[in-house]
Amino acid sequence: MALGVEGVADDLRAVYAAEKTRSYEWRVSQLKALLKIATHHEKEILEALRSDLNKPEHEGFLHEISGVISACKLTLKELRRWMKPEKVKTSMTTYPSSAEIISEPLGVVLVISTWNYPFLLSVEPVIGAIAAGNAVLLKPSEVSPATSSMLSKLLGQYMDVSAVKVVEGGVLETTALLEQRWDKILYTGNSKVGRVVLAAAAKHLTPVILELGGKCPVMVDSTTNLTVTSRRIISGKWGCNSGQTCVSPDYIITTKEYASKLVDAISSELEKFYGKDPLHSNDLSKIVSSQHFDRVTKLLDDEKVSGKIVIGGQRDETSLKIAPTVILDAPNDSLIMNEEIFGPLLPIITVNKIEDGIGLINSKEKPLASYLFTNDKKLKEIFKRNISSGSMAINETTLQLAISTLPFGGVGESGMGSYHGKFSFDAFSHKKAVLERGFAGDIAARYPPYTSGKLKFLKALLSGDILGIIRALFGW
């Protein structure tokens, strides 16, 4: 095993077994510590994000720090209520009795984070795991080394390190962690590694949450407000880490007659946002690494799409930047239409009727998010009814993640399980069913020796037939 990793799950399990993490007071103290990290170290966090991704301060605060602060505050406000056992109804079968659902911690949780939102997507799952009363180990992504180092330092400084640990490293360390037994694993990343995580978890029957990705479609109808639509697509694509976001628009579907208007509108708004030379804009994130830069440029240089670029296409390998790029009518068999782009490229696919886009979306794997821009009420209902995706937004992109009362998670190839707000607490809790009875009301009919009279009584009881119960009691 990797140095410093062996036995870490057992160490955490010993702390959990001592019931240290279960008290309301401990949970609150750790949540307040995380809140203090987010509020007192904003500059340090933003510097790490700028180092790893050239992420603008605007995006770093709104998309990451603010999200952690909101999650901490919500959890602190609601935690006592979430922890309270939920009383539920019982039935005639168990009368007299009471029943409740108790949320109990799972035990020891592993969170394997990712690099594109390395602060938010590391800390928000930890908030849920702590709120539910678990001991937790965070493995930040080695692809965002500055943020990984910052998290290790700050969590070590503020948190109870006996129950909340950070392990840095790469594939070797992650592999060593996956060999150990956990009570739940949350992984954020790509489906290839997701399968590795799932296979490792299966050896111990460990439940998992997989937050993956996919090709998130955007359907644009001619009834939409074109300017607002363009701005919101740009915001969700290039304004979210330069397209390196799991719920960013991956491709657009619109009609053949509307495509040129949409391209012109996007082009106009892009120039307003990033200027005539977007490669020199301080408001555009870089591609995270040279490896990912090469992957994205390979999609762009595919001979099937290289002649179909209608906006952008410029690149600077030194700064790892690629200009916002729009490709019109990318062939369905091109690389860009068969891989998750996860970068600043946006193909537009044209159809004869906008409704034809439904079949096109459903011909691919279920995405993590899907989007529709329209003022047509009928089309909205068709879209909601016929498209299966992890989440959905109408006349907006990505902002569904800002709603704490909505779960964040995938379906099918885009993932399994969800978290966010109370869903995070529930994700790391076991819902224990508890029935309580006294010693009165013991019915002889449930016990042997079995007779036809007893069965007649029980049938009447289970069906709620009062008259039948009376008849059975009197032997009628």
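For clarity, every value in this text was computed on a predicted model and none was experimentally measured.

Procedures and definitions
- Residues numbered from 1 in each chain as written.
- Predicted model: local features only at pLDDT ≥ 70, side-chain atom pairs only at ≥ 80, totals over all residues.
- Heavy atoms only, no water.
- Phe/Tyr/Trp six-rings, centres within 6.5 Å; stacked < 30°, edge-to-face > 60°.
- Helix = DSSP H or I, 4+ residues; strand = E, 2+ residues; numbered from the N terminus.
- Buried < 20%, exposed > 50% of the residue type's maximum accessible area, 1.4 Å probe, protein only.
- Lys NZ or Arg CZ within 6 Å of the ring centre and 35° of its normal.
- Contact = heavy atoms within 4.5 Å.
- Axes fitted to C-alpha atoms, helices over the stretch in contact; angles between N-to-C directions.
- Parallel < 35°, antiparallel > 145°, perpendicular 65-115°, else oblique.
- Left-handed = near helix turned anticlockwise from the far one by under 90°.
- Nonpolar A, V, L, I, M, F, W, Y, C, P; charged D, E, K, R; others polar.
- Core = buried A, V, L, I, M, F, W, Y, C linked by side-chain atoms within 4.5 Å.
- Right-handed = clockwise from strand over helix to strand, strands pointing away.
- Pairing = 2+ DSSP bridges.
- 1 Å grid on protein atoms, 1.4 Å probe; cavity = no way out; pocket = protein on both sides within 12 Å on 5 of 7 lines; lining within 4 Å.
- Points joined across faces, edges and corners; volume = space filled by probe spheres on them.
- Expected span 1.5 Å × (residues − 1).
- Arc of directions from axis to C-beta.
- Polar contact = N/O pair within 3.5 Å; in protein donor to acceptor, adjacent residues only side chain to side chain.

Draft legend 1. View of the packing of aromatic side chains. Overall, the coordinates contain 4 aromatic pairs when judged by the stated rule. For the ring pair Trp115 and Phe342, a centre distance of 5.5 Å and an interplane angle of 85 degrees mean the geometry is edge-to-face. Separated by 227 residues along the polypeptide, Trp115 in the loop between β3 (108-112) and α5 (120-131) and Phe342 in the loop between β13 (325-328) and β14 (345-351) bring together distant segments of the chain. Residues Trp115 and Phe342 agree in their burial class; the two are buried. Taking the centre distance of 6.3 Å and the plane angle of 85 degrees together, the rings of Phe273 and Tyr274 count as edge-to-face. By relative accessible area, which is 27% here, Phe273 ends up partly exposed. Under the relative-accessibility criterion, Tyr274 is labelled buried at 10%. Sitting over the face of the ring of Tyr117, Lys55 holds its NZ or CZ atom 3.9 Å from the ring centroid. Seen from the ring of Tyr24, Arg80 lies directly overhead, with NZ or CZ sitting 3.8 Å from the centre.

Draft legend 2. Looking closely at the side chain of Thr297. Mapped onto the elements, Thr297 comes out in helix α11 (residues 290-301). Contact partners of Thr297, with chain neighbours within four places excluded, come to Arg315 and Ile322.

Draft legend 3. Representation of the packing of helix α3 (residues 42-53) against helix α4 (residues 57-83). Remark: α3 packs on α4, axes separated minimally by 10 Å, with the N-to-C direction vectors making an angle of 110 degrees. On the basis of their axis angle, the class for α3 and α4 is roughly perpendicular. For the crossing formed where α3 meets α4, the hand is right-handed. Taken together, the residues of α4 that come into contact with α3 (itself represented by Glu42, Ile45, Leu46, Leu49 and Arg50) are Glu57, Gly60, Phe61, Glu64 and Ile65. Its residues assigned to classes, the contact of α3 with α4 shows 5 nonpolar, 1 polar and 4 charged.

Draft legend 4. Examining the nonpolar core more closely. Leu34, Phe119, Ile130, Trp238, Ile252 and Ile266 are the most contacted members of the largest nonpolar core, which has 80 residues in total. Leaving out residues up to four positions away in the same chain, Ile266 has contacts with Ser230, Ile234, Trp238, Ile252, Ile311 and Val326. With 28 residues, the next largest nonpolar core counts Val296, Val305, Ile382 and Phe383 among its residues.

Draft legend 5. How the structure looks around the pairing of strand β8 (residues 217-220). Of the two faces of β8, the one lined by Pro217 and Met219 and the one lined by Val218 and Val220 are each fully buried. Traced from β8 through helix α9 (residues 226-237) to strand β9 (residues 251-255), the parallel crossover comes out right-handed. Pairing geometry for β8 and strand β15 (residues 369-373), over 3 bridges, is parallel. By the bridge assignment, Val218 is partnered in β15 with Tyr371.

Draft legend 6. Structural detail: the layout of surface pockets. Of the voids in this model, the largest pocket is the one considered here, and its volume is about 1500 Å³. Lining the largest pocket are 46 residues, with Tyr187, Gly189, Asn190, Ser191 and Val193 positioned closest to its centre. Mapped by element, the contributors of at least two residues to the lining of the largest pocket are α7 (171-178), β6 (184-188), α8 (191-202) and α11. With 5 residues, α8 is the single largest residue contributor to the lining of the largest pocket. Broken down by class, the residue content of the lining of the largest pocket amounts to 15 nonpolar, 18 polar and 13 charged. One number sums up the size of the second largest pocket: a volume of about 1000 Å³. Elements with a contribution of two residues or more to the lining of the second largest pocket: α4, α5, α9 and α10 (259-274).

Draft legend 7. Seen up close, the sheet that holds strand β20 (residues 429-437). The 3 strands lie next to each other as β1-β2-β20, forming an open sheet whose pairing is antiparallel. Across the chains shown, the open sheet's two edge strands, defined by having one partner strand only, are β1 (86-88) and β20. Pairs of neighbouring strands in the sheet enclose a mean axial angle of 30 degrees, with direction left out of account. Here β1 pairs with strand β2 (residues 97-105) via 3 bridges, running antiparallel. Counterpart to Lys87 in the pairing with β2 is Glu100.

Draft legend 8. Representation of the sheet that holds β13. Within the open sheet, the 7 strands sit side by side as β10-β13-β14-β9-β8-β15-β16. Their pairing is mixed. At either margin of the open sheet sits one strand with a lone partner, and together these are β10 (309-311) and β16 (391-394). Taken pair by pair, the neighbouring strands of this sheet meet at an average axis angle of 25 degrees, ignoring direction. With 3 bridges connecting them, β8 and β9 associate as parallel partners. Bridge pairing in β9 places Met219 opposite Ile253.

Draft legend 9. Geometry of the packing of helix α2 (residues 24-40) against α5. Viewed as axis vectors pointing N to C, α2 and α5 meet at an angle of 165 degrees, and their least axial separation amounts to 9 Å. One finds that α2 runs roughly antiparallel with respect to α5. Crossing geometry of α2 relative to α5 is assigned as left-handed. Residues Trp26, Arg27, Gln30, Leu31 and Leu34 of α2 form the contact with α5, whose participating residues are Val123, Val126, Ile127, Ile130 and Ala131.

Draft legend 10. Structural detail: α10. Across its 16 residues, α10 extends 22 Å between first and last C-alpha, which sits within 8% of the 22 Å expected from 1.5 Å per residue. Along α10, the residues that are buried comprise Ala259, Leu262, Val263, Ala265, Ile266, Glu269, Leu270 and Tyr274. One side of α10 holds all its buried residues, which, seen down the axis, span an arc of 165 degrees. Facing away from the buried side of α10, by more than 90 degrees, are the exposed residues Asp264 and Lys272. Next to the buried residues of α10 lie β8, α9, β9, β10, β13 and β14.

Draft legend 11. A look at the side chain of Ser113. When you line up the elements, Ser113 lands in the loop between β3 and α5. Residue classification places Ser113 among the buried positions, given a relative accessible area of 6%. Reaching out from Ser113, the side chain makes a polar contact with the backbone oxygen of Leu121 at a distance of 3.2 Å. A distance of 2.8 Å separates the side chain of Ser113 from the side chain of Ser122, its partner in a polar contact. Every residue in contact with Ser113, bar those within four places of it in the chain, is listed here: Pro118, Leu121, Ser122, Leu138, Lys139, Pro140, Ser141 and Thr188.

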